[in-house]
Amino acid sequence: MADQEPQFNIPEPVRAATPDAVQAHLDHEIKEHIRSYEARSKSEISARIRELDREWDIERVLELNASSLALTGTVLAAAVNKRWLALPAVVLTFLVQHAIQGWCPPIPLFRRMGVRSRKEIDLEKYALKVLRGDFGNARSDADGALDSAGN
């Protein structure tokens, strides 16, 4: 059982809609990032936490993607042909679907590209803060941090 990767219990629609193999890969990467910082200094851990603060989550990527495509379709409709209005109509429909269901067609593509949810990013930050010693008496090994934050 020690060789098995943990399956994080983070309820959210994006994780639920992500194919199991892709989700397992993302979870494995989180654990490997944390393991790679176990022997590093507090300043190196702090630098990684700052990187995580700047990491774009799936919501931000979806917002940028949708707004870019909708704007492009609107400009093309005004400059080239009104039929281009179909592009923003489709994209905005996907955005509404995501708001209601927590899923839309671009999500599997972005997940395969390694775009993580905010909860996944925060899980790695929490574990790194445990390694850094931010919580005093909390367990200070990476596996303990993962057990506390996930499943």
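Residues numbered from 1 in each chain as written. Predicted model: local features only at pLDDT ≥ 70, side-chain atom pairs only at ≥ 80, totals over all residues. Heavy atoms only, no water.

Enquirer: What is the right way to read helix α4 (residues 58-79) from this model?
Expert: Each turn of an α-helix holds 3.6 residues, which means side chains three or four residues apart point in the same direction. Along its 22 residues, α4 runs 31 Å from first to last C-alpha, staying within 8% of the 32 Å computed at 1.5 Å per residue. Taken together, the buried positions of α4 are Ile 58, Val 61, Leu 62, Ala 66, Ala 70, Gly 73 and Ala 77. All buried residues of α4 fall inside an arc of 150° around its axis, so they share one side. Seen from the open side of α4, the exposed residues pointing more than 90 degrees away from its buried face are Leu 71, Ala 78 and Ala 79. The inward-facing, buried residues of α4 contact α1 (13-17), α5 (86-101) and α6 (106-112). (Helix = DSSP H or I, 4+ residues; strand = E, 2+ residues; numbered from the N terminus. Expected span 1.5 Å × (residues − 1). Buried < 20%, exposed > 50% of the residue type's maximum accessible area, 1.4 Å probe, protein only. Arc of directions from axis to C-beta. Contact = heavy atoms within 4.5 Å.)

Enquirer: Can you walk me through the environment of Thr 74 in this structure?
Expert: Along the chain, the position of Thr 74 falls in helix α4. Classification of Thr 74 by relative accessible area gives partly exposed; the value is 40%. Taking the C-alpha atoms as reference points, Thr 74 and Pro 88, separated by 14 residues in sequence, lie 6.7 Å from one another.

Enquirer: Which parts of the structure should I look at to understand the pattern of salt bridges?
Expert: Between side chains of opposite charge, a pair can form as their charged atoms come close. Applying the stated criterion to the full structure yields 13 salt bridges. Two residues, Glu 32 and Arg 35, come together in a salt bridge whose shortest N-O distance is 3.0 Å. Note that Glu 32 and Arg 35 are positioned in helix α2 (residues 20-36) at a spacing of 3 residues, about one turn of the helix. The class of Glu 32 is partly exposed, set by a relative accessible area of 33%. For Arg 35, a relative accessible area of 31% gives the class partly exposed. Between Asp 122 and Lys 125 there is a salt bridge whose closest N-O contact spans 4.0 Å. (Salt bridge = Lys/Arg side-chain N within 4 Å of Asp/Glu carboxyl O.)

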